[in-house]
Amino acid sequence: MKTINDFVKMKKEEEPIVMLTAYDYISAKFCEENSVDMILVGDSLGMVVYGENNTLNVTVDDIIRHCKAVRNGAPNTFVIADMPYKSYHLDERETKNNAFRMILEGKADCVKLEGGSQSRLKAIENIVDCEIPVMGHLGLTPQSIVKFGGFKVQGKHEEQRNIIYEQAIAVEKAGAFMLVLECVPEELGLAISKELSIPTIGIGAGRYTDGQVLVWHDMMGLSSQITKFSKMWENISLPMNSSISGYVKDVKNKSFPEEKNVYYPIDERK
Ligand code: KIV
């Protein structure tokens, strides 16, 4: 399994880091079989798996349950557990306890949390102090959508770009080992990646971050929306639809099951 040191080395050697979200055993297995460097059990879970409009209702128990399944499917891949909304916002003890649960019960290798305000930096420090590696997340942080007024690209204006840039430096100083940059201008993705010594992972942050992350369902053609920054190498919704419609048709017209699918079939020739 790759370690934090390997990711730093990859940045130094300019080898792009590949991260993909996964939420269950089978998708994690596919990730491991295809040498994905790191798997994120993201709180996007709430939207793509549970059909919610945002990520705010995902719980620590939800992430732990899905992390366990992912670990079973990918025993040798670095797994990141996303800290959900309200799991690191209250007090130090609760923040630490939730992070410990992600590692001990969820079997994750590290946790990720969103934001770069003073209290978020404190949360990063507190978790790192428990020997738990932390990944930061800046730009479009989905847990802030009410404040942002929706899922909107961040850093379009210089003032906002400067804030994100300064927060990125502060997140590294607080002890994060990696930083996700979501939906920011390419120029900002490049500037932060050059400035930081920890690796950056982009999603909608352009071509110059140290790695990329995509959401499984977007990449596979299983999301209801098509996002500009994502890519579908194959649209697996097409074979999925044709399998289901084939099954429905064959049961309805009584061509499934066939004799070969039956245990101890009745011999109709007798
Ligand atoms: O929850 C998630 O999937 C994420 C990625 C979009 C980075 O945080």
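Residues numbered from 1 in each chain as written. Predicted model: local features only at pLDDT ≥ 70, side-chain atom pairs only at ≥ 80, totals over all residues. Heavy atoms only, no water.

**Brief notes about the nonpolar core**
- In terms of nonpolar packing, the biggest core is built from 67 residues, with Met19, Met38, Ile39, Met135, Met178 and Leu179 touching the most fellow members.
- Considering each element in turn, this core owes the most residues, five residues, to helix H4 (residues 60-73).
- Discounting residues that sit within four places of it in the chain, methionine 38 has contacts with Phe7, Ile17, Val18, Met19, Leu20, Thr77, Phe78, Ile80, Met135, Phe177 and Met178. (Core = buried A, V, L, I, M, F, W, Y, C linked by side-chain atoms within 4.5 Å. Buried < 20%, exposed > 50% of the residue type's maximum accessible area, 1.4 Å probe, protein only. Helix = DSSP H or I, 4+ residues; strand = E, 2+ residues; numbered from the N terminus. Contact = heavy atoms within 4.5 Å.)

**Some details on the site of the ligand**
- By nearness alone, every residue bordering the ligand is listed as Thr21, Leu40, Gly42, Asp43, Ser44, Asp82, Lys112, His137, Val180, Glu182, Ile203 and Val215.
- Aspartate 82 places a side-chain nitrogen or oxygen 3.2 Å from an oxygen atom of the ligand.
- Between an oxygen atom of the ligand and a side-chain N or O atom of lysine 112, the distance comes to 3.0 Å.
- Surface burial for the ligand is 96%, taken as the share of its 260 Å² of free accessible area covered by protein chains.
- Structurally, the ligand is housed in the largest pocket.
- When grouped by side-chain class, the residues that make up the shell around the ligand number four nonpolar, four polar and four charged. (Near = heavy atom within 4 Å. Polar contact = N/O pair within 3.5 Å; in protein donor to acceptor, adjacent residues only side chain to side chain. Areas by Shrake-Rupley, 256 points an atom, 1.4 Å probe, with all protein chains shown as cover. 1 Å grid on protein atoms, 1.4 Å probe; cavity = no way out; pocket = protein on both sides within 12 Å on 5 of 7 lines; lining within 4 Å. Sits in = over half its atoms within 2 Å of the grid points. Nonpolar A, V, L, I, M, F, W, Y, C, P; charged D, E, K, R; others polar.)

**Some points on unusual backbone geometry**
- Residue phenylalanine 256 is joined to proline 257 through a cis peptide bond whose omega torsion reads -5°.
- Here proline 257 shows up in the segment after helix H11 (237-252).
- Even without glycine at this site, lysine 86 takes up a positive phi of about 75°.
- Among the secondary structure elements, lysine 86 is positioned in the loop between strand S3 (78-82) and helix H5 (92-104).
- Since its relative accessible area comes to 54%, lysine 86 is described here as exposed.
- Although it is not a glycine, cysteine 183 sits at a positive phi angle of roughly 45°.

**So, the sheet that holds strand S6 (residues 178-182)**
- Overall, parallel pairing links the eight strands, which are arranged S1-S2-S3-S4-S5-S6-S7-S8 in a closed barrel. Each strand of the sheet is rotated relative to its neighbour by a mean of 25°, with strand direction disregarded.
- In the sheet, strand S5 (residues 134-139) pairs with S6 via five bridges, with the strands oriented parallel. Residue pairing for S6: glycine 136 is matched across the bridge by leucine 179.
- Each of strand S2 (38-41) and S3 touches H4; the most contacted strand, S3, lies at about 170° to it. (Pairing = 2+ DSSP bridges. Axes fitted to C-alpha atoms, helices over the stretch in contact; angles between N-to-C directions.)

**Description of the state of the cysteines**
- Scanning the entire structure with this criterion turns up zero disulfides.
- Its sulfur unpaired, cysteine 110 is 9.4 Å from the next cysteine sulfur, which belongs to cysteine 67.
- Relative accessible area serves as the criterion here: at 0%, cysteine 110 is assigned to the buried category.
- Summary of cysteine pairing: cysteine 130 is not part of a disulfide, and the nearest cysteine sulfur, belonging to cysteine 110, is at 14 Å. (Disulfide = S-S within 2.5 Å.)

**Focus: the packing of aromatic side chains**
- According to the stated counting rule, one finds three aromatic pairs in the structure shown.
- When the centroid spacing of 5.3 Å and the interplanar angle of 85° are considered together, the rings of phenylalanine 7 and phenylalanine 78 count as edge-to-face. Of the two residues, phenylalanine 7 sits in helix H1 (residues 4-12) while phenylalanine 78 sits in strand S3, which places them 71 residues apart along the sequence.
- Consider the rings of tyrosine 247 and phenylalanine 256, whose centres lie 6.3 Å apart with planes at 75°: the pair is edge-to-face.
- The partly exposed category is assigned to phenylalanine 256, whose relative accessible area is 38%.
- A network of ring pairs unites the aromatic residues Phe7, Phe78 and Phe177 as a single cluster. (Phe/Tyr/Trp six-rings, centres within 6.5 Å; stacked < 30°, edge-to-face > 60°.)

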